[in-house]
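# Coordinates in review
Below are the chains, spelled out letter by letter.
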Amino acid sequence: MRLLRIVPDNTRFKFVWFRRFSYPLSAAYSILVLVLFLTVGLNFGIDFKGGTLIEMQAKAGKIEIAQVRQTANALGFGEAEVQEFGDGTELSMRFPIQPGGEAAQQGVVTKAREAFASTYEFRRIETVGPRVSGELVQAGALGVVLAITGVLVYLWFRFEMPLAIGAILGTLHDIVLTMGFFLISRLEFNLTSIAAILTIVGYSLNETVVVFDRTRELLRRYKTMPIPELLDLSVNSTLSRTAMTATTTFLSLLALVIFGGSAIEGFALVMLFGVVVCTYSAMFISTPVLLYMDVRGQGQREEAREKALAGAKPKAG
């Protein structure tokens, strides 16, 4: 039985040459992300923003967004954010934080039930007070910073300096582009989003380490091969594995987007984007960076140091 191959053997793609397009494209996107972050900001979910979130499904027929919004605003809890999702029979309402503590938040739910229970089924209710949301923001930000710092420290000690710098730049690049996805798509940024970002960091690390391990191996094997050719060979020799990993992960996430329901749809969408970005980054961002560094000289110095240490070990008597 013939095996299925997504990528043929012995490819000779000029990945390094495409840096002429990938670098300006990523730079322009990163600038756009920065501008959007400073002007528009993230669409924080109830975890970080606080308030009351209610998801409902129409018992019969389609929903009437305008009517629901008008009724929700008339309840006297401030302007409600009403959004449709799913197949046209589901919607979500988000009310701002109410003064008066937990009792005031529960009062929102009570009034909403009185107003909509006859025509809508309540599927999900979440209430988060200002103190809890503030603590979640601090804990979430601290968790992301510590996790990313740990990954960067690992990369610094895992590779020689040029390879470590390339891997760190690639990881940061993937984080910035993922944040841009949140800013442009206006997906809610909540605790699940933090989980998605950390998962993407791990996936990015995995893709980069595979390519750079092959780069380090080839540097020691082909000591006179020009660096652009060697970098292209590194990516091409791991391309089949990269394509298989990306394809299987993408299809699994696509199934979650289609059949997983609204609870994990946001996470799956971000991960879909992350798989594409991490694969693109490993081939067209992280690897070409090594052209601008003394990757061969650093590798030779590391190899000489290893030989010196091995020669200095006392022989067993």
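About the thresholds
Residues numbered from 1 in each chain as written. Predicted model: local features only at pLDDT ≥ 70, side-chain atom pairs only at ≥ 80, totals over all residues. Heavy atoms only, no water. 1 Å grid on protein atoms, 1.4 Å probe; cavity = no way out; pocket = protein on both sides within 12 Å on 5 of 7 lines; lining within 4 Å. Points joined across faces, edges and corners; volume = space filled by probe spheres on them. Helix = DSSP H or I, 4+ residues; strand = E, 2+ residues; numbered from the N terminus. Nonpolar A, V, L, I, M, F, W, Y, C, P; charged D, E, K, R; others polar. Salt bridge = Lys/Arg side-chain N within 4 Å of Asp/Glu carboxyl O. Buried < 20%, exposed > 50% of the residue type's maximum accessible area, 1.4 Å probe, protein only.

This paragraph deals with the layout of surface pockets. Its volume calculated, the second largest pocket comes out at about 390 Å³. Taken together, 19 residues form the lining of the second largest pocket, with Leu 42, Val 144, Met 179, Phe 189 and Ile 197 sitting closest to its centre. Put simply, the parts of the chain that give the lining of the second largest pocket at least two residues each are helix H1 (19–39), helix H5 (130–158), helix H6 (161–185) and helix H7 (191–221). It is H5 that provides the largest number of residues to the lining of the second largest pocket, a total of 7 residues. For the lining of the second largest pocket, the residue count by class is 18 nonpolar, 1 polar and no charged.

Further remarks concern the pattern of salt bridges. Oppositely charged side chains can pair when the atoms bearing their charge come close. On inspection of all chains with the given rule, the structure shows 9 salt bridges. The shortest N-O distance in the salt bridge between Arg 123 and Glu 90 comes to 4.0 Å. Residue Arg 123 is located in strand S5 (residues 120–128), and its partner Glu 90 is located in strand S4 (residues 90–95); the two are separated by 33 residues in the primary sequence. Look at Glu 90 and you get buried, because its relative accessible area is 17%. Close ionic contact of Glu 217 with Arg 221 constitutes a salt bridge, the shortest N to O distance being 2.6 Å. A residue pair is termed a helical-turn pair when its members lie 3 or 4 positions apart in one helix, as Glu 217 and Arg 221 do in helix H7 at 4 residues. In the salt-bridge network here, residues are joined through shared partners; they are Glu 55, Arg 124 and Glu 126.

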